[in-house]
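# A structural walkthrough
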Amino acid sequence: MNKRILLVEDEKNVILGVRTCLDAVGYEVEIVEDGQEALDAVHRQHPDLILLDLLLPKVDGFEVLKVLKSDEATNSIPIIVLSAKAEEEDRQRAADLGADNYMTKPFKPQELWDLLKQYFS
Amino acid sequence: MNRRKIIDQFYNSEGLDRKAGVILNKLPAPVNLDTIADNLADPVFIVDLKKNVVWLNKKAEDFFDAGFKQAGGKPIADLTSIKKIDELINDVFEKKTSLKCSYEEASIKVKRLDERFFFKIAINPVFHQGELWGALVQMTDVTRFHEMEKIKTDFVSIVSHEFRTPLTTIIVGVEMLKEGMLGDLTPRGKEVLEAIGSDCERLNRLIDNLMELSRIESGTIYVEAEPVDVTDLVQEAVRPLKLQAERQGIELITDLPPEVPPVAADFNKSVWVLTNLIGNAMRYTDPGGTITVRVRQRGKKLFFSVEDTGCGIPKEHQEKIFRKYVQVSGPVRKGAGGVGLGLAIAKDIVMAHGGEIWVDSEVGKGTVFTFTFPVYKNKEAVTLPGTDQDEEVDL
């Protein structure tokens, strides 16, 4: 069965880009555009992996990380942060909250595919 | 007539004794030295050899909320809550020369109520009959300057963030189109996409470098020298570029001596320097070429070099390339462009470690960039120029 990825991202163009990139290698992608929707979607359908932006409406990415990683029902789902925030502090804060990986925008499709493979091998 | 003679003549004509400094009597009647001292914009203290306050001006009384009665005889460190000030004064007493802390070297952060202030400090020794007697401590408020620096750093950070998001869409799209994953392209279409792709990378590098530069210049990072394992350092620098080198058809070789002592370096910063040099070499080296990362020890220094078989740098450009915003023209590979920030930053970082960086190159043959790091001795910390050693105190 195809791996199901939840993409949490609020920029329409980035959504198109990332979705195209994931579709191309056969991942099943669900998209939500704010942090609250992300939390609901995770509990509803338990994705195999989450790609998470940090600056999100309603509930921000750090909060989403905190909630999901401190809940036993969801803390085993790998979360990869995809963010334009490139400062070391943000990276560290995400890691402290339990993010499994952190990829700075922009990235190349190959880099995303290589990273995803690590979690699906 | 020289300056001294003019001054002497002035004193004589006024009937004043220059040595006694009677010229002060010439101040207009309502003004005396106290008036001047009390109207200075900066807090000023005079301390004795025990570093106890023997005099302070109005600004100092106001700022540190201490009238002369409370302040007189009190240690200046207690009064100002700046512990570091003792150290600075001791230094002046020992050397008997003035200490003019520039803002960069030591700005002292003082928290009062909800406000934060930054001061630079000047300390001058005071002598009495040829003997060291005390010191004059002057604090200059540089809070505004600090705020401007912060605004600049924040601005670069926001601009960088705003650039990265749209670049994501562009780069992902271009790469997928290039790989033919979204349908066929004409040869010309492919060529145009290649150009867009390499210009995107150029923008991306520029943003990375601008951020790095702004961080270094605003002094929010400092180089903390720790013992760094050289093998780790080289591997960490080479690892992210290995795959890319392979794809470009460039051989990336590391050449380390079997035994090599640790260097005194900041791990992340030194990796950044090496990665940057290798990345540069890759941009200027054709497929089939070789890049060698070499480490050698000579005395108390380790020499790191990155050697490529690329197009080389003409002699007249070799000195300029370490300056900011310089890019060498001439036989440069198509699409290899980039603003010359990387090497300027690399130089800042290497110099902050007490090392040197230089280039040897011959057009058509290749280029070798070499930098040195000191071998780790014992605990030592190196501070980047432009770094604050802030001490924060609450009042």
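Here goes a summary of the coordinates provided. (Residues numbered from 1 in each chain as written. Chains lettered and ligands numbered in written order. Predicted model: local features only at pLDDT ≥ 70, side-chain atom pairs only at ≥ 80, totals over all residues. Heavy atoms only, no water.)

## Structural notes on the overall build of chain A
The secondary structure content of chain A amounts to 5 helices and 5 strands. Counted from the first residue to the last, chain A has its helices and strands arranged as β-α-β-α-β-α-β-α-β-α. Taken across its 121 residues, chain A has 50% of its residues classed as buried. Sequence separation of at least 24 residues holds for 62% of the intrachain contacts in chain A that already meet a minimum separation of 6. Working note: accessible area of chain A is about 5,600 Å², and carbon and sulfur atoms make up 44% of it. (Helix = DSSP H or I, 4+ residues; strand = E, 2+ residues; numbered from the N terminus. Buried < 20%, exposed > 50% of the residue type's maximum accessible area, 1.4 Å probe, protein only. Contact = heavy atoms within 4.5 Å. Areas by Shrake-Rupley, 256 points an atom, 1.4 Å probe, with all protein chains shown as cover.)

## Observations concerning the packing of helix α2 (residues 35–45) of chain A against helix α3 (residues 61–69) of chain A
Residue and element names in this part refer to chain A. Two elements in contact, α2 and α3, have axes separated by 9 Å at closest approach and are oriented at 25°. Between α2 and α3, the crossing angle belongs to the class labelled roughly parallel. Between α2 and α3 lies a crossing whose hand is right-handed. Here G35, A38, L39 and V42 of α2 lie close against α3, whose contacting residues are V64, V67 and L68. (Axes fitted to C-alpha atoms, helices over the stretch in contact; angles between N-to-C directions. Parallel < 35°, antiparallel > 145°, perpendicular 65-115°, else oblique. Left-handed = near helix turned anticlockwise from the far one by under 90°.)

## Digging into the interface of chain A and chain B
Facing 21 residues of chain A, the contacting portion of chain B comprises 19 residues. Together, the buried faces of chain A and chain B total about 1,700 Å²; carbon and sulfur atoms form 72% of this surface. Summed over the three residues of chain A that lose the most area to chain B, namely A84(A), P106(A) and K108(A), the buried surface amounts to 29% of that side. For the interface between chain A and chain B, the tally reads 1 salt bridge. Residues E201(B) and K108(A) are paired through a salt bridge, measuring 2.8 Å at the closest nitrogen-oxygen approach. The interface formed by chain A and chain B includes 3 residue pairs in polar contact (both at pLDDT 80 or more). Among the elements of the structure, α1 (12–23) and α5 (109–119) of chain A are those that each provide at least two residues to the side of chain A that touches chain B. (Buried area = accessible area lost by both parts, 1.4 Å probe. Salt bridge = Lys/Arg side-chain N within 4 Å of Asp/Glu carboxyl O. Polar contact = N/O pair within 3.5 Å; in protein donor to acceptor, adjacent residues only side chain to side chain.)

## Focus on the sheet that holds strand β2 (residues 28–32) of chain A
Residue and element names in this part refer to chain A. Spatial ordering of the open sheet is given by β2-β1-β3-β4-β5, a layout of 5 strands whose pairing is parallel. Both outer strands of the open sheet, β2 and β5 (101–104), are each paired with one neighbouring strand and no more. Direction aside, the axes of adjacent strands within the sheet are offset by 20° on average. As paired elements, strand β1 (residues 4–8) and β2 share 5 bridges and run parallel to each other. Residue pairing in the sheet places I5 in a bridge with V29 of β2. In the packing of α5 onto the sheet, contacts are made with β1, β3 (49–52), β4 (79–83) and β5, and the angle to β5 comes to roughly 175°. (Pairing = 2+ DSSP bridges.)

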